[in-house]
Structures are given as structure tokens and as C-alpha cells.
Amino acid sequence: MNKACIVSILFLLLAPTALPASAGSKIVSEIRGGVYDHDVSFWSFHRESGTDINGEVLFVSPSFLEAVWSPRPHLGATVNTDGNTSHAYAGLTWELPLFSTGFFVDGNLGLSVNNGRRDTDDTDRKSLGSPVLFRLGAALGYNLTEKVNVSLQFEHMSNAYLANENEGMDNFGLRLGYRF
């Protein structure tokens, strides 16, 4: 991934925190970041190597999303440290507390833009079929404090067989979150 792409991803992640907000109104709800195991074998098979660095910004749910249980919009990026597939993504995150235990589950759905291979014969790279993929994921987390949480995150990306090649990719990791 070239430097311009990394700078663009960082700008997308950090720009919302610089937006002015009037007293009592928030734009950014939470930031999360962590480390993932890249291309694990779950729904797909393992080909690519490396560790991923993930960062995500979750926004306050706008009122028009109340009809679908008030998900929080999110923007994020996952950068592979070995130069394999990295991606930026956007979508919606639904969070459900598990009783009053401090545990919660997340579900998320959206799209991602990747720099992976569309169609390749390389045995150590995935054929993803498209630079734009569907992204879905789930997390199990725990609120360490009112503002700080930790979660195990799973994400799956694929083109849902809209392209000839569709090897898909799964990542799994640990993230730390901070709520505003």
C-alpha cells in the first residue's frame, strides 16, 4: 500500500474527530483500534500472510435509523503489515448489551474497498474478484469502564459471487475501544 493511500485512510479515520460540534451534540460516538490475524480459515481458506492493524470511528446514530434499531455508522481501515490485501470500509454497527454483565455483542454490515488481487494464480494471494466487497462482522466485547472496552472482532469480506472469482477473506483480532 503506497503512502498516499495510507494518508488518505488516516484522514478518513481522523477527520470526523476534528469536526466542530455544538454543546450537547456529538458526532463521533467511539473509536476502536487493534490487531488482527490476517486471512484466517473460517468461511474461506488461508493464503495471505501477515498481521493487520485496524482503526475504526463509530458515529452517533442519526434519528432516521431508529426504524432499524439505531445502528451507528462507521468508517474504518485494516492495513496488512506484509503488503498483502488492505482495505478501507464503511457501514453500520448494531450493538446489544448482554444483560447487565458488562458484555456486549456487535454486528456490522457494509462495503469495503481493497487493494487485493482480482484474479491471480499466485498461491500466496487471494483472488477477490472485485476492488469493492461486501463486509460483515461480529464482535464479543466487555466494558472495562464506562468509556473503555475490549472486544474480539471477526470480519468477512466477499463479493457474494457477483464476480467470477470470489475466494473471500476473513480476519480475526482484538480491539480496544474508547467511547466519548
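Residues numbered from 1 in each chain as written. Predicted model: local features only at pLDDT ≥ 70, side-chain atom pairs only at ≥ 80, totals over all residues. Heavy atoms only, no water.

Visitor: Just checking my understanding: could you explain the overall build of the protein for this structure?
Guide: Along the backbone of the protein there are 1 helix and 8 strands. Relative to its full complement of 180 residues, the protein shows a buried share of 41%. Across the protein, the fraction of contacts at a sequence separation of at least 24, relative to all contacts at a separation of at least 6, is 57%. Approximately 9600 Å² of the protein is accessible, and the part contributed by carbon and sulfur atoms is 66%. (Helix = DSSP H or I, 4+ residues; strand = E, 2+ residues; numbered from the N terminus. Buried < 20%, exposed > 50% of the residue type's maximum accessible area, 1.4 Å probe, protein only. Contact = heavy atoms within 4.5 Å. Areas by Shrake-Rupley, 256 points an atom, 1.4 Å probe, with all protein chains shown as cover.)

Visitor: Would you mind going over the pattern of salt bridges with me for this structure?
Guide: Taken as a whole, this structure holds 13 salt bridges when the rule is applied. When the shortest N-O distance is used, the salt bridge between Arg175 and Glu56 registers 3.3 Å. With a gap of 119 residues between them, Arg175 in strand β8 (residues 169-179) and Glu56 in strand β2 (residues 51-59) connect regions that are remote in the sequence. Each member of the pair Arg175 and Glu56 is classed as buried. Salt-bridge contacts for Glu95 lead to Arg72; the nearest nitrogen and oxygen are separated by 2.8 Å. Of this pair, Glu95 sits in strand β4 (residues 87-97) while Arg72 is found in strand β3 (residues 72-80), placing the two residues 23 residues apart along the sequence. Each of Glu30, Arg32, Arg72, Glu95, Asp106 and Arg179 takes part in one network of salt bridges that share partners. (Salt bridge = Lys/Arg side-chain N within 4 Å of Asp/Glu carboxyl O.)

Visitor: Is there a simple way to explain the environment of Asp119 in this structure?
Guide: In this fold, Asp119 is placed in the loop between β5 (103-114) and β6 (132-143). The exposed category is assigned to Asp119, whose relative accessible area is 56%. As for Asp119 and Gly129, which are separated by 10 residues in sequence, their C-alpha atoms are 5.9 Å apart. Leave out the neighbours within four places in its chain, and Asp119 touches Ser127 and Glu165.

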